[in-house]
Number of protein chains: 4
Amino acid sequence: MTTVRDMLATHPAGLGGVDREKLGRCIEECVACAQTCTACADACLAEEMVGDLVRCVRTDLDCAGICAATAAVLTRRTGGDADVTRAVLQACAVACKACADVCESHADVHEHCRLCAEACRSCERACDELLRTPDLRAG
Amino acid sequence: MTTVRDMLATHPAGLGGVDREKLGRCIEECVACAQTCTACADACLAEEMVGDLVRCVRTDLDCAGICAATAAVLTRRTGGDADVTRAVLQACAVACKACADVCESHADVHEHCRLCAEACRSCERACDELLRTPDLRAG
Amino acid sequence: MTTVRDMLATHPAGLGGVDREKLGRCIEECVACAQTCTACADACLAEEMVGDLVRCVRTDLDCAGICAATAAVLTRRTGGDADVTRAVLQACAVACKACADVCESHADVHEHCRLCAEACRSCERACDELLRTPDLRAG
Amino acid sequence: MTTVRDMLATHPAGLGGVDREKLGRCIEECVACAQTCTACADACLAEEMVGDLVRCVRTDLDCAGICAATAAVLTRRTGGDADVTRAVLQACAVACKACADVCESHADVHEHCRLCAEACRSCERACDELLRTPDLRAG
């Protein structure tokens, strides 16, 4: 996904002081996590023991939707609102944490859950790091 | 959208103590607000003075995406996580407020912005009310 | 969802010859069907016999995603492409038919599937009717 | 996005005869194209000559939504319907072609449009190739 960085670099509005490296990484993580959670939800459905995995399907679907919305908000650099960016990043970090917790609990049984937990933890960290940058801390 | 309430009523998992009326109303508001913001973004694009409305298009698109993700989280009643529900409701309220503020500022010139500001305020209120219910306040 | 019609009425671009009544109805059906399919997927997950319903969850999720994308394309009236509108309407009709077929097969056991099959059939019809209007038939 | 391939490899349902390489590539292209179109729509909004780019914003947003829905359908391997897969792939190819045509027309002026046209052409080709595989041709 080198295109994420290329598109940021060609955006006429600039980044308004936001750390380009952390922003680019967070968008990439959100896009990848949304995709991985969509795949994990469906892989859980195909397991014989699907009845034990409904909580995992649920948190996967929530996380996929919130990550996709967050990626889109972060991708837009025109006329945005720092409060919205912060609030959606916080929601994304919470959703990633919840999904990682559930997926980790059967990561030793289902390889797709292990991969998904990794993607969620990585995305959670990227959201937290972006939230700690000065331009997003300020109101 | 009476189907929102009908689908909640036939869900085998029950609502786990969440206020059915407030939940149903919040889902309906999120669905309607996502749709209205999508329409307002496009109506702004068609205005001759689109150059003055880019901030409105932006907040419309952010709000549409966050409302849609929130509606889906609220609609799911199986194995969810109260922290995720709360965080996404908070993000939704913030996005609705931001979009309503921008749309209201030219509500007297563009009827689509006036209607959109109304939908956003109404959705913001529904999110705030649902956030104040005991089962969502608790951790 | 009277707002769908109100927003169409206030759009500065006009409808370019598309039948307003059929367009408005199709948008409403797509929005409602996306929401109902999201709810049915989750209700299936909460059933004890979820193992027998995985095909239903799958067609629900596909249908929800395609209906949401279709609603957004139809809602936009600015600078669109008739080929895209037609192709996404065709995909939407196919997805609604597939989901209705699956949901109907256990509509007598699960009330949420009965309601979902109804929403899908109704949306399929609205897509087919819009596809038959002259401005969408033409290239 | 190596995770796309890893998640396909760990899916318990297998690929049912679909070409793994072409499927994986098509999912990756759809995910990347959705992201690039979202970025291009916003970059167009930030251009001084936004009034000349409204058609581009429109086709970008349509393409982003259809690519995202297509990526999700292709990612799910459980209990799917070949008719739905084919129909959404066809819609995706049409949307990518329409967006590439518009973006190419000012690729020499706006670098973000040049990159977006490339992503759309690449995704269109991946959809067409997947559509030509035997398991998707059959009904």
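- Under an unreviewed UniProt entry, the name given to chain A is Four-helix bundle copper-binding protein, and the source organism is Streptomyces nitrosporeus.

### Points about the interface of chain A and chain D
Here is step 1: Chain A puts 30 residues into the contact, and the matching count from chain D is 30 residues.
Here is step 2: A combined buried area of about 2,500 Å² lies between chain A and chain D, and 74% of that area is made up of carbon and sulfur atoms.
Here is step 3: Remark: the boundary between chain A and chain D carries zero salt bridges.
Here is step 4: Along the contact surface separating chain A from chain D lie eight residue pairs in polar contact (both at pLDDT 80 or more).
Here is step 5: Listed by contribution, the elements that provide at least two residues to the side of chain A that touches chain D are α1 (2-10), α2 (20-45), α3 (54-75) and α5 (111-131) of chain A.
Here is step 6: At eleven residues, the largest contribution of residues to the side of chain A that touches chain D is made by α2 of chain A.

### Some points on the relation of the copies chain D and chain B
Here is step 1: Placing chain D over chain B gives an RMSD of 0.0 Å and needs a rotation angle of 180°, together with 0.0 Å of translation along the axis. When the rotation and shift are considered jointly, the pair of chain copies conforms to a two-fold rotation axis.

### Focus on the relation of the copies chain A and chain D
Here is step 1: Superposing chain A onto chain D takes a rotation of 180° plus a shift of 0.0 Å along the axis, which leaves an RMSD of 0.0 Å.
Here is step 2: Of the residues that chain A buries at the interface, 100% are likewise interface residues in chain D, meaning the two copies contact each other through the same surface.

### Focus: the packing of helix α3 (residues 54-75) of chain C against helix α4 (residues 82-104) of chain C
All names here are of chain C.
Here is step 1: α4 packs onto α3 with a crossing angle of 155° between their chain directions and a minimal axis gap of 9 Å. The angle between α3 and α4 falls in the class roughly antiparallel. Crossing of α3 against α4: the hand is left-handed. Across the interface between the two elements, Arg55, Cys56, Thr59, Asp60, Cys63, Ile66, Cys67, Thr70, Val73 and Leu74 of α3 pack against Thr85, Val88, Leu89, Ala91, Cys92, Ala95, Cys96, Cys99, Val102 and Cys103 of α4.
Here is step 2: A breakdown of the residues in the contact of α3 with α4 according to their chemical character gives 15 nonpolar, three polar and two charged.

### Some points on the interface of chain D and chain B
Here is step 1: Counting from both sides, the interface comprises eight residues of chain D and, opposite them, eight residues of chain B.
Here is step 2: Around 610 Å² of area is buried between chain D and chain B when both sides are counted, 84% of it from carbon and sulfur atoms.
Here is step 3: In terms of surface lost to chain B, no three residues of chain D exceed Leu45, Val50 and Val54 of chain D, which account for 60% of the buried area on that side.
Here is step 4: Here chain D is connected to chain B by zero salt bridges.
Here is step 5: At the surface where chain D touches chain B, the tally comes to zero residue pairs in polar contact (both at pLDDT 80 or more).
Here is step 6: When residues of the side of chain D that touches chain B are traced back to their parent elements, those giving at least two are α2 (20-45) and α3 (54-75) of chain D.
Here is step 7: The dominant element in the side of chain D that touches chain B, judged by the number of residues it contributes, is α3 of chain D, at four residues.
Here is step 8: Of the residues in the side of chain D that touches chain B, the class split is five nonpolar, one polar and two charged.

Rules used throughout
- Within every chain, residues take consecutive numbers counted from 1 along the sequence as written.
- Each chain takes a letter, starting from A, and each ligand takes a number, starting from 1, following the order in which they are written.
- Owing to the predicted nature of the model, reporting of local features is limited to residues with pLDDT of at least 70; listing and counting of side-chain atom pairs is limited to 80 or more, with chain, interface and lining totals taken over all residues.
- Side-chain calculation: all heavy atoms of the structure are included, whereas hydrogens and water are not.
- We call two residues in contact whenever any of their non-hydrogen atoms come within 4.5 Å of each other.
- By buried area we mean how much accessible surface two parts lose on assembly, using a 1.4 Å probe and totalling the loss over both.
- A side-chain nitrogen of Lys or Arg and a carboxyl oxygen of Asp or Glu constitute a salt bridge if their distance falls within 4 Å.
- Two N or O atoms count as a polar contact when they lie within 3.5 Å, although within protein this holds only if one can serve as hydrogen donor and the other as acceptor, and sequence-adjacent residues are included solely when both atoms are side-chain atoms.
- Helix and strand labels come from DSSP, where a helix needs a run of H or I of at least four residues and a strand needs a run of E of at least two; each type is numbered from the N terminus.
- A least-squares fit on C-alpha atoms brings the copies together, and the residues used are those whose pLDDT is at least 70 in both copies.
- Note on geometry: axes are C-alpha line fits, over the in-contact stretch for helices, and angles between N-to-C directions span 0 to 180 degrees.
- By definition in this entry, angles of less than 35 degrees are roughly parallel, angles greater than 145 are roughly antiparallel, angles of 65 to 115 are roughly perpendicular, and the rest are oblique.
- Crossing handedness: left-handed means the near helix sits turned counterclockwise from the far one by under a right angle, and right-handed means the same turn made clockwise.
- Charged means Asp, Glu, Lys or Arg here, nonpolar means Ala, Val, Leu, Ile, Met, Phe, Trp, Tyr, Cys or Pro, and polar covers whatever is left, Gly included.

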